[in-house]
Amino acid sequence: LLRRLRQENPLKQGQITPTELCQKCLSLIKKTKFLNAYITVSEEVALKQAEESEKRYKNGQSLGDLDGIPVAVKDNFSTSGIETTCASNMLKGYIPPYNATVVQKLLDQGALLMGKTNLDEFAMGSGSTDGVFGPVKNPWSYSKQYREKRKQNPHSKNEDSDWLITGGSSGGSAAAVSAFTCYAALGSDTGGSTRNPAAHCGLVGFKPSYGLVSRHGLIPLVNSMDVPGILTRCVDDAAIVLGALAGPDPKDSTTVHDPINKPFMLPSLADVSKLCIGIPKEYLVPELSSEVRSLWSKAADLFESEGAKVLEVSLPHTSYSIVCYHVLCTSEVASNMARFDGLQYGHRCDIDVSTEAMYAATRREGFNDVVRGRILSGNFFLLKENYENYFVKAQKVRRLIANDFVNAFNSGVDVLLTPTTLSEAVPYLEFIKEDNRTRSAQDDIFTQAVNMAGLPAVSIPVALSNQGLPIGLQFIGRAFCDQQLLTVAKWFEKQVQFPVIQLQELMDDCSAVLENEKLASVSLKQ
């Protein structure tokens, strides 16, 4: 029923108005406030935008597929007139005077900005647990699928305290889409920060090729790896958002000429027999859960059964990617965080003994332990006596890692198929037993190398685990072959038929459940 309704174009046919849609999403934001998905809810802004969208529809002047569609934006993208905090004390109260390019492009298409979503502080983390506004809870913690499985387990703990992480650092955006409070959300992806939470929340998480989408207005973490990411409930929706965002930007010199045909609609891939799917043997690591390993193998068998060629390939420098990423990431973090000195914007301490004392106290108060630790590591690697042995060597290894992908694709492979994460989402209390650096190294093991190589990648939800939780697999494509990658992902999505999250128990009453089902029936594809 939902798939059929998606193609009936409720907004264009007047079955639901942008204002009604906006109000339903705002209602769900309030009902799901305990998930802590949003830092700021821009209710007045969204309702005003919905009113303007409604007028356009009545006059037959729709701006496109995104007109009247509720979206959310991770709180490390600048939004004019709306607080942008990076989930930090340093930027609490900071209101940018301009919009990030990707935000402006969404607004130009008529999208409704529901609010700014939660994250790890300055996007440094893989669980969305380290922000100053508190951790994000995974909507699947409250799903019918998960709770029924827990009831069957006599050893299950207290449900209220044993909620699951969303993954990170774009966990707020993932929770927002998963809980039906919006239809698409922007995340940022530096080492897997969009794909990781997508896998844990049962969503499509897309990282475009580096340079395809502008980074202007995205508060930088690692300039050479940061990419705006897209979180949606289906591949077609991700493609529509990509079509709106892709293209050169004079404010971002790293963007390239847009190789995507517009309007950007994915063709249906009926025949995969001409495809060659690569399986990187180095990704079969001991830490990989048996369920993920089994689904990865079944996915490869699915392609093979439909006539595709499936090859084992080698990415020989994979084992160095974690260390290489750490050196390069912290080095760029140390440089980027230097701008937060208490002088120009953001937090400033009350100490006025000296400029140096003010700098130190401001940064001590404004940054958490994770950010300060990465700054210290980065500055160590950039010391004159360490620069050649750490930073320069890491750059050379990065080139080798990128060349591994080039060699794999030159061998005839069209797309690589890998796991996205080692396992399903874990309980918060279990997750915080490890320190941030260890968690990030473990959780991003399959995703970091893609950012160092600048390639497009997408995580697709495949099936529910034995505990009733989502498991995702990752497809990696050639640079700037984003359309081909998403076309393959769309075919795969159709084959696996991932179930819709059932959140009845999360709602206050039956009418809210009906609202939820109506929301699920609206797609960006109109």
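Residues numbered from 1 in each chain as written. Predicted model: local features only at pLDDT ≥ 70, side-chain atom pairs only at ≥ 80, totals over all residues. Heavy atoms only, no water.

As recorded in an unreviewed UniProt entry, the protein chain goes by the name Glutamyl-tRNA(Gln) amidotransferase subunit A, mitochondrial, listed as coming from Rhinopithecus bieti. If you open the UniProt record of the protein chain and go to Sequence similarities (unreviewed entry), you find "Belongs to the amidase family. GatA subfamily." Taken directly from UniProt, the Subcellular location (unreviewed entry) text for the protein chain runs: "Mitochondrion". (UniProt positions renumbered as here; feature names shortened; annotations may be inferred.)

(A) Structural detail: the UniProt feature "active site" (unreviewed entry) in the protein chain. Here the UniProt-annotated "active site" (unreviewed entry) positions come out as Lys-74, Ser-169 and Ser-193. For this annotated set, covering 120 residues, all C-alpha atoms fall within 11.1 Å of each other, a compact arrangement in space. Note that Ser-169 resides in the loop between helix H5 (144-151) and helix H6 (171-178). Residue Ser-169 is classed as buried on the basis of its relative accessible area, which comes to 0%. Ser-169 has contacts with Lys-74, Asn-118, Leu-119, Asp-120, Ala-123, Gly-125, Ser-126, Ser-128 and Ser-193, leaving out every residue within four places of it along the chain. Among the secondary structure elements, Ser-193 is positioned in the loop between strand E4 (184-189) and helix H7 (195-201). Contact partners of Ser-193, with chain neighbours within four places excluded, come to Lys-74, Ala-123, Gly-125, Gly-168, Ser-169, Ser-170 and Ser-188. (Helix = DSSP H or I, 4+ residues; strand = E, 2+ residues; numbered from the N terminus. Buried < 20%, exposed > 50% of the residue type's maximum accessible area, 1.4 Å probe, protein only. Contact = heavy atoms within 4.5 Å.)

(B) Local environment of the side chain of Ser-170. Structurally, Ser-170 is set in the loop between H5 and H6. The exposure class assigned to Ser-170 is buried, which follows from its relative accessible area of 0%. Excluding anything up to four places from it in sequence, Ser-170 contacts Lys-74, Ser-128, Gly-187, Ser-188, Ser-193, Thr-194, Pro-197 and Leu-231.

(C) Seen up close, the environment of Gly-64. Here Gly-64 shows up in the loop between helix H3 (43-58) and strand E2 (70-74). Here the alpha-carbon distance between Gly-64 and Pro-10, two residues 54 residues apart in the chain, equals 14 Å. In this view, Gly-64 contacts Tyr-57 and Gln-109; residues no more than four positions away in its chain are not counted.

(D) Broad picture of the environment of Glu-332. With respect to the helices and strands, Glu-332 occurs in helix H10 (residues 321-336). Sequence separation between Glu-332 and Ala-360 is 28 residues; the distance between their C-alpha atoms is 20 Å.

(E) Looking closely at the side chain of His-200. In this structure, His-200 sits in helix H7. Given a relative accessible area of 6%, His-200 falls into the buried group. Filtering out sequence-adjacent residues up to four positions away, His-200 remains in contact with Asn-138, Trp-140, Thr-166, Gly-167, Thr-421, Ser-423, Glu-424, Ala-425 and Pro-470.

(F) Quick look at the pairing of strand E8 (residues 309-313). Relative to E8, strand E7 (residues 276-280) runs parallel, the two sharing 5 bridges. Paired with Gly-278 across the bridge in E8 is Leu-311. Crossover handedness for the path E7 to helix H9 (residues 290-305) to E8: right-handed. (Pairing = 2+ DSSP bridges. Right-handed = clockwise from strand over helix to strand, strands pointing away.)

(G) Region of interest: the sheet that holds strand E5 (residues 204-207). Taken in spatial order, the 11 strands make up an open sheet running E1-E3-E2-E4-E6-E5-E10-E11-E9-E7-E8, and their pairing is mixed. Two strands in the sheet have a free side with no partner beyond their single neighbour: strand E1 (38-41) and E8. Going from strand to strand, the sheet's axes swing by 30° on average, the running direction of each strand aside. Where strand E9 (residues 415-419) meets strand E11 (residues 470-476), 4 bridges bridge the pair, whose relative direction is antiparallel. The partner of Pro-419 across the bridge, within E11, is Leu-473. (Axes fitted to C-alpha atoms, helices over the stretch in contact; angles between N-to-C directions.)

(H) Inspection of the nonpolar core at higher detail. In terms of nonpolar packing, the biggest core is built from 132 residues, with Met-114, Phe-122, Phe-405 and Phe-475 touching the most fellow members. At 8 residues, the largest contribution of residues to this core is made by helix H8 (residues 235-245). Of all hydrophobic cores here, the second largest spans 10 residues; its members include Leu-28, Phe-180, Ile-501 and Leu-503. (Core = buried A, V, L, I, M, F, W, Y, C linked by side-chain atoms within 4.5 Å.)

(I) Fine view of the environment of Trp-491. Assignment of secondary structure puts Trp-491 in helix H17 (residues 482-496). Residue class for Trp-491 comes out buried when judged on its relative accessible area of 7%. Spatially, the C-alpha atom of Trp-491 lies 9.1 Å from that of Asp-271, the residues being 220 residues apart in sequence. Apart from the residues lying within four places of it in its own chain, the contact partners of Trp-491 are Leu-269, Val-272, Leu-302, Phe-303 and Glu-306.

(J) Up close: the packing of H9 against H17. Where H9 contacts H17, the two axes come as close as 12 Å, and the packing angle between them is 105°. Looking at the two axes, H9 sits roughly perpendicular to H17. Only Val-488, Trp-491, Phe-492 and Gln-495 of H17 make contact with H9, whose side of the interface consists of Ala-299, Leu-302 and Phe-303. Its residues placed into classes, the contact of H9 with H17 shows 6 nonpolar, 1 polar and no charged. (Parallel < 35°, antiparallel > 145°, perpendicular 65-115°, else oblique. Nonpolar A, V, L, I, M, F, W, Y, C, P; charged D, E, K, R; others polar.)

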